[in-house]
Protein chains: 2
Amino acid sequence: MLKDIIKTSKALSDETRVRIVILLMRNELCVCQLMEILGMGQSTVSKHLGILRNAGLIEVEKRGTWSFYGLSRDKANKHNLDFIRILSSLPKNDPFIQNDEKKLIKVNKRGITFCNTIELGRRIRERSNHAG
Amino acid sequence: MLKDIIKTSKALSDETRVRIVILLMRNELCVCQLMEILGMGQSTVSKHLGILRNAGLIEVEKRGTWSFYGLSRDKANKHNLDFIRILSSLPKNDPFIQNDEKKLIKVNKRGITFCNTIELGRRIRERSNHAG
DNA sequence: TTCCTTTATCACGATATAGTGATATATTAT
DNA sequence: ATAATATATCACTATATCGTGATAAAGGAA
């Protein structure tokens, strides 16, 4: 369906969402881990994840209070795999991707711990204020 | 580059632009022919074509006052071919595509003639007003 | 030249989207 | 029950985008 392709294109027309998909190609992540990597507030990240999920690109698995997001294994929208394949063919030396990957490694090393999303959001906001 | 992929995704995140690309997969068309098929004003069509061109998906060839648009043969952005391939794998029975194809055949049959874009735009606007 | 045409671009209004803070819900621990 | 946490959703602002009419630029015919 034309509509499905447009929905997926729209989902991938935002830099933040493409970054999320590329991160999830490596391993699953929860919302607060993505906050840390992306440097964005909890509601922002959650909204982006909703859009990607609605397009069928990613799926969620709840464990306790955490929501773990990963690439969709559902093959309903067969075109989505082609879109993912395009993203996976991106060269690894892209500065954005490299930077995210560095943070991903750090976040993975720490593992899942209580991070207090409200506090974390505040720290993130401060960082970006300092950066200008 | 990540930026290129996002630019192409954004270009294909609009229904009108996807319709244009699918039409141009069949044969080249000028702006006023696309107006007729899409049922949109000249400035709108021209703007969409500019976005698709900026993304490297299509290219233009001027002949006299006419600008003929077709799929880009430039291989600079190698991912664009993958996007085009996704669109070309769409089933032909999609209602939107079928309708456009019908109009494409009619427009092709008529060929290139002076159509007076301002008048044409007025007629198009009237049609859409009648349709609601 | 003057007139008519096609196309690109500008300015505008209406709508859509990104990012945010506050709030609501749900889970877990005490 | 109460407290702390993670997440989703709502309401809001700032910004971006779509579609349009008017205008400008450029080619072709009289």
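Preceding this section is the structure that the text describes.
1. Here we look at the protein's contact with DNA strand D
Turning to step 1, where the next piece is worked out: Inspection of the region around DNA strand D gives 28 residues, with A:Ser46, A:Tyr69, A:Cys115, B:His48 and B:Arg125 positioned closest.
Turning to step 2, where the next piece is worked out: When the atoms of DNA strand D within 4 Å of the protein are sorted by group, sugar and phosphate make up 63%.
Turning to step 3, where the next piece is worked out: Within the side chain of A:Ser46, one N or O atom sits 2.5 Å away from a phosphate oxygen of DNA strand D.
Turning to step 4, where the next piece is worked out: Side-chain polar atom of B:Ser43 to a base oxygen of DNA strand D: 3.1 Å apart, as the coordinates give it.
Turning to step 5, where the next piece is worked out: Elements that contribute at least two residues to the surface near DNA strand D include exactly helix H3 (31-38), helix H4 (42-54) and strand S3 (66-71) of chain A together with helix H2 (15-26) and helix H4 (42-54) of chain B.
Turning to step 6, where the next piece is worked out: Each residue belonging to the surface near DNA strand D can be placed in one class, and the counts come to nine nonpolar, 14 polar and five charged.

2. Regarding the pairing of strand S2 (residues 58-63) of chain A
Residues and elements named next belong to chain A.
Turning to step 1, where the next piece is worked out: In this sheet, S3 lies alongside S2 in antiparallel orientation, the contact comprising six bridges. Residue lysine 62 lies in a different strand from S3, and its bridge partner there is serine 67.
Turning to step 2, where the next piece is worked out: Joining the antiparallel neighbours S2 and S3 is a turn of two residues, in which glycine 64 adopts a positive phi near 65°.

3. Here we look at the protein's contact with DNA strand C
Turning to step 1, where the next piece is worked out: Around DNA strand C, a shell composed of 28 residues is seen, among which A:His48, A:Arg125, B:Ser46, B:Tyr69 and B:Cys115 lie nearest.
Turning to step 2, where the next piece is worked out: Among atoms of DNA strand C positioned within 4 Å of the protein, sugar and phosphate together represent 62%.
Turning to step 3, where the next piece is worked out: A distance of 2.3 Å separates a phosphate oxygen of DNA strand C from a polar atom in the side chain of A:His48.
Turning to step 4, where the next piece is worked out: Those elements that place two or more of their residues in the surface near DNA strand C are helix H2 (15-26) and H4 of chain A together with helix H3 (31-38), H4 and strand S3 (66-71) of chain B.
Turning to step 5, where the next piece is worked out: For the surface near DNA strand C, the leading source of residues is H4(A), giving five residues.

4. Considering H4(B)
All names here are of chain B.
Turning to step 1, where the next piece is worked out: Here H4 contains 13 residues, and its C-alpha end-to-end distance of 18 Å stays within 8% of the 18 Å for a straight helix at 1.5 Å per residue.
Turning to step 2, where the next piece is worked out: For H4, every residue scored as buried is listed here: Val45, His48, Leu49 and Leu52. Along the long axis of H4, the arc covered by the buried residues comes to 100°, so they all point the same way. Seen from the buried face of H4, the exposed residues on the opposite side, beyond 90 degrees, are Ser43, Lys47 and Asn54.
Turning to step 3, where the next piece is worked out: Turning to H4, the residues buried within the fold contact helix H1 (2-11), H2, H3, strand S2 (58-63) and S3.
Turning to step 4, where the next piece is worked out: Two residues or fewer after H4 comes glycine 56, characterised by a positive phi angle close to 80°.

5. Some points on helix H5 (residues 78-88) of chain B
Turning to step 1, where the next piece is worked out: Residues of H5(B) that are buried: B:His79, B:Asn80, B:Phe83, B:Ile84, B:Ile86 and B:Leu87. Mapping the buried residues of H5(B) onto a view down its axis gives an arc of 155°, with all of them on the same face.
Turning to step 2, where the next piece is worked out: Buried residues along H5(B) sit in contact with helix H1 (2-11) and helix H5 (78-88) of chain A together with H1, H2 and S3 of chain B.

Calculation criteria
- Residues numbered from 1 in each chain as written.
- Chains lettered and ligands numbered in written order.
- Predicted model: local features only at pLDDT ≥ 70, side-chain atom pairs only at ≥ 80, totals over all residues.
- Heavy atoms only, no water.
- Near = heavy atom within 4 Å.
- Polar contact = N/O pair within 3.5 Å; in protein donor to acceptor, adjacent residues only side chain to side chain.
- Helix = DSSP H or I, 4+ residues; strand = E, 2+ residues; numbered from the N terminus.
- Nonpolar A, V, L, I, M, F, W, Y, C, P; charged D, E, K, R; others polar.
- Pairing = 2+ DSSP bridges.
- Expected span 1.5 Å × (residues − 1).
- Buried < 20%, exposed > 50% of the residue type's maximum accessible area, 1.4 Å probe, protein only.
- Arc of directions from axis to C-beta.
- Contact = heavy atoms within 4.5 Å.

Remember, this is a structural readout, not a statement about activity or role.
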